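Each chain, letter by letter, is given below.
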Amino acid sequence: MKLGIVGLPNVGKSTLFNSLTKAGALAANYPFATIDPNVGVVTVPDKRLDVLTEMYHSKKKTPATIEFVDIAGLVKGASKGEGLGNQFLANIREVDAIVHVVRCFEDSNIVHVDGTIDPVRDIETINLELIFSDLEILERRIAKVGRTAKMDKTAGKEAAQLAEIKAHLEAGKLAKTFPVPEDEELAAWFAGYNLLTAKPTIYAANVAEEDLADDGAGNPHVAKVREYAKTENSEVFTICAKIEEEISELDDEEKAMFLEDLGLKESGLDKLIKASYSLLGLISFLTSGEDETRAWTIKKGTKAPQAAGKIHTDFERGFIRAEVVSYEDLMAHGTMAATKEAGQVRLEGKDYVVKDGDIILFRFNV
């Protein structure tokens, strides 16, 4: 999963990126732990892996990961090349979802680019740049399809939809609110345009420390962000980038004590990961043995053969069956042997839909 972090200058975007990637920094033996100066890979916290690693005496533990991309250069006029606009737009097209950092705190020492704190205005500033960029994509596609639209029925069908999407964007609306027809061909075309404003968005309301305990309930700026997010079915979570920076310097035990002192149950990174999984409809299944215990991220609704394909394409091609036990059942009985005796280990076929926390052993033909 790849998430792009965006936001206007001085909203806490870079502080958040640096603290998140430091807090969740991977061990040095993980390949690609350092990819690029503005890309960081963080592990997805999952206590189930710790338990299974100990149970199976696994030599290696491999958690699921999220790649964060710090999208630089987004200012008013980015779509026209202001700042590092073109580079920004190229980077953001590659991400699965956007984490939009919005300033919801007052601080006279940190100047806002527009002089005042107004999160909805800030959101709309960035969204407008994304809309402009999407319109350029559509214009190019319209020009290409338009050359054959009058003579080719399929091209004419696409041209009609392109005109509808363009009108939708020109009205200041995001592509994610465009009513995509149930027609498979039209839906496939829409997905293929890879429009920026169609990407799922998580709003990170960056608040002052005192607003964390009640999750920003008393902050009028956060209320506005939540109200805005409802109009596009986006996720919102509160975070204090300054606090996250402090947390990133602590070990696990110190971090737990620090969060408890603040009256918090989880860090901003944990909240962001949960919001990301929820927004993108993701779950994790687990594999465990003497060599490795590992978490694998898949979409909800994925069937067993396709889940096996996440491990290796040969597993999917030669899939026979899956030996499945839920993490909860294994914990309830204490050992795999006891779980089997209780009849809680199941053999599932090609139509089995994998559940979050399933521990799976795949059987396959090479």
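Model, not experiment: these values are computed from the prediction.

Asker: Help me out: how do you make sense of the overall build of the chain in this one?
Answerer: For the chain, the helix and strand inventory stands at 14 helices and 13 strands. A buried classification covers 46% of the 366 residues belonging to the chain. Counting every atom, the chain has about 18500 Å² of accessible surface; 51% of that belongs to carbon and sulfur.

Asker: Any chance you could explain the confidence of the model for the chain here in plain terms?
Answerer: Regions with low pLDDT should not have their predicted coordinates read in detail. Chain-level pLDDT for the chain is 87 on average; 89% of the residues reach the 70-or-more range. Segment residues 25–35 is flagged for pLDDT under 50; beyond a separation of four residues in sequence, or across chains, it makes 12 contacts in the model.

Asker: Even after reading the chapter, I still don't get the nonpolar core, so can you show me in this structure?
Answerer: Most often, soluble globular proteins keep nonpolar side chains buried together rather than apart. In terms of nonpolar packing, the biggest core is built from 45 residues, with Ile66 and Phe68 touching the most fellow members. No other element matches the 6 residues that helix 10 (residues 268–280) contributes to this core. Not counting residues within four places of it along the chain, the set of residues in contact with Ile66 comprises Met1, Leu3, Gly40, Val41, Val42, Val44, Ile273 and Tyr277.

Asker: Is there a simple way to think about the pattern of salt bridges in this case?
Answerer: A side chain with one charge can pair with a side chain of the opposite charge if their charged atoms come near. In the structure shown here, the tally under the stated rule is 24 salt bridges. Of the charged contacts, one joins Glu67 and Lys2 as a salt bridge, the two residues approaching to 3.6 Å between their closest N and O atoms. Residue Glu67 is located in strand 5 (residues 65–70), and its partner Lys2 is located in strand 1 (residues 2–6); the two are separated by 65 residues in the primary sequence. Of the charged contacts, one joins Lys166 and Glu139 as a salt bridge, the two residues approaching to 3.0 Å between their closest N and O atoms. With Lys166 in helix 5 (residues 153–170) and Glu139 in helix 4 (residues 119–146), the pair connects residues that are 27 residues apart, well separated along the chain. You can call Lys166 partly exposed: its relative accessible area is 21%. Residue classification places Glu139 among the partly exposed residues on the basis of a relative accessible area of 37%. Within this structure, Lys2, Glu67 and Glu94 form a network of salt bridges that share partners.

Asker: Explain empty space enclosed by the protein to me, please; I cannot follow it from the model alone.
Answerer: Regions of empty space are outlined by a rolling probe, equal in size to a water molecule, passed over the atoms. Considering all chains together, one arrives at 2 cavities of 30 Å³ or more under this definition. Approximately 80 Å³ is the volume found for the largest cavity. Taken together, 14 residues make up the lining of the largest cavity; nearest its centre are Ile98, Asn127, Leu130, Lys176 and Thr201. Within the residue set of the lining of the largest cavity, elements represented by two or more residues are strand 6 (97–103), helix 4 and strand 7 (201–206). Looking at the lining of the largest cavity, the element that brings in the most residues is helix 4, giving 3 residues. Of the residues contributing to the lining of the largest cavity, the split by class is 7 nonpolar, 4 polar and 3 charged. Of the voids in this model, the second largest cavity is the one considered here, and its volume is about 50 Å³. As for the second largest cavity, its lining consists of 13 residues, of which Leu212, Glu244, Leu264, Ser267 and Gly268 are closest to the centre. Per-element tally for the lining of the second largest cavity: the top contributor is helix 8 (residues 241–247), with 3 residues.

Asker: When you look at the packing of helix 4 against helix 5 in this model, what are you seeing that I'm missing?
Answerer: Relative orientation and spacing of two packed helices are given, respectively, by the angle between their axes and the distance between those axes. Their axes nearest at 10 Å, the elements helix 4 and helix 5 cross at an angle of 160 degrees. In terms of orientation, helix 4 and helix 5 fall into the roughly antiparallel class. Considering only the axes of helix 4 and helix 5, their crossing is left-handed. Together, Ile131, Asp134, Leu135, Leu138, Glu139, Arg141, Ile142 and Val145 of helix 4 and Ala155, Glu158, Ala159, Leu162, Ile165, Lys166, Leu169 and Glu170 of helix 5 make up the contact between the two elements. For the contact of helix 4 with helix 5, a count of residues per class yields 10 nonpolar, no polar and 6 charged.

Asker: It is not clear to me how a negative patch on the surface should be interpreted in this structure. Could you clarify?
Answerer: Judged by side-chain charge, Glu209, Glu210, Glu245 and Glu246 come together as a negatively charged surface patch. In this structure Glu245 comes out as partly exposed when scored by relative accessible area, which is 40%.

Asker: Honestly, the environment of Asn194 in this entry has me stumped. Any pointers?
Answerer: Locating Asn194 in the fold gives a position in the loop between helix 6 (184–192) and strand 7. The partly exposed category is assigned to Asn194, whose relative accessible area is 31%. Along the backbone, Asn194 and Ala175 are 19 residues apart, and their C-alpha atoms lie at a distance of 10.0 Å. Excluding residues that lie within four positions of it along the chain, Asn194 makes contacts with Arg93 and Lys199.

Asker: Sorry if this is basic, but what is going on with the packing of aromatic side chains here?
Answerer: Two descriptors summarise a pair of aromatic rings, namely the distance from one centre to the other and the angle between the planes of the rings. Summed over the entire model, instances satisfying the criterion amount to 6 aromatic pairs. Here the aromatic rings of Tyr203 and Tyr228 are separated by 6.2 Å at their centres, their planes lie at 85 degrees, and the arrangement is edge-to-face. Of this pair, Tyr203 sits in strand 7 while Tyr228 sits in helix 7 (residues 220–230); the two residues are 25 residues apart in sequence, bridging distant segments of the chain. In this pair, the class of Tyr203 matches that of Tyr228, namely buried. Counting every residue linked through ring pairs, the aromatic cluster contains Phe285, Trp296, Phe319 and Phe362.

Cut-offs and rules
- Residues numbered from 1 in each chain as written.
- Predicted model: local features only at pLDDT ≥ 70, side-chain atom pairs only at ≥ 80, totals over all residues.
- Heavy atoms only, no water.
- Helix = DSSP H or I, 4+ residues; strand = E, 2+ residues; numbered from the N terminus.
- Buried < 20%, exposed > 50% of the residue type's maximum accessible area, 1.4 Å probe, protein only.
- Areas by Shrake-Rupley, 256 points an atom, 1.4 Å probe, with all protein chains shown as cover.
- pLDDT = per-residue confidence, 0-100.
- Contact = heavy atoms within 4.5 Å.
- Core = buried A, V, L, I, M, F, W, Y, C linked by side-chain atoms within 4.5 Å.
- Salt bridge = Lys/Arg side-chain N within 4 Å of Asp/Glu carboxyl O.
- 1 Å grid on protein atoms, 1.4 Å probe; cavity = no way out; pocket = protein on both sides within 12 Å on 5 of 7 lines; lining within 4 Å.
- Points joined across faces, edges and corners; volume = space filled by probe spheres on them.
- Nonpolar A, V, L, I, M, F, W, Y, C, P; charged D, E, K, R; others polar.
- Axes fitted to C-alpha atoms, helices over the stretch in contact; angles between N-to-C directions.
- Parallel < 35°, antiparallel > 145°, perpendicular 65-115°, else oblique.
- Left-handed = near helix turned anticlockwise from the far one by under 90°.
- Patch = residues over 30% accessible without salt bridge, like charges linked within 9 Å, V, L, I, M, F, W, Y side chains within 5 Å.
- Lys, Arg positive; Asp, Glu negative; His and termini not counted.
- Charge placed at Lys NZ, Arg CZ, Asp CG, Glu CD.
- Phe/Tyr/Trp six-rings, centres within 6.5 Å; stacked < 30°, edge-to-face > 60°.

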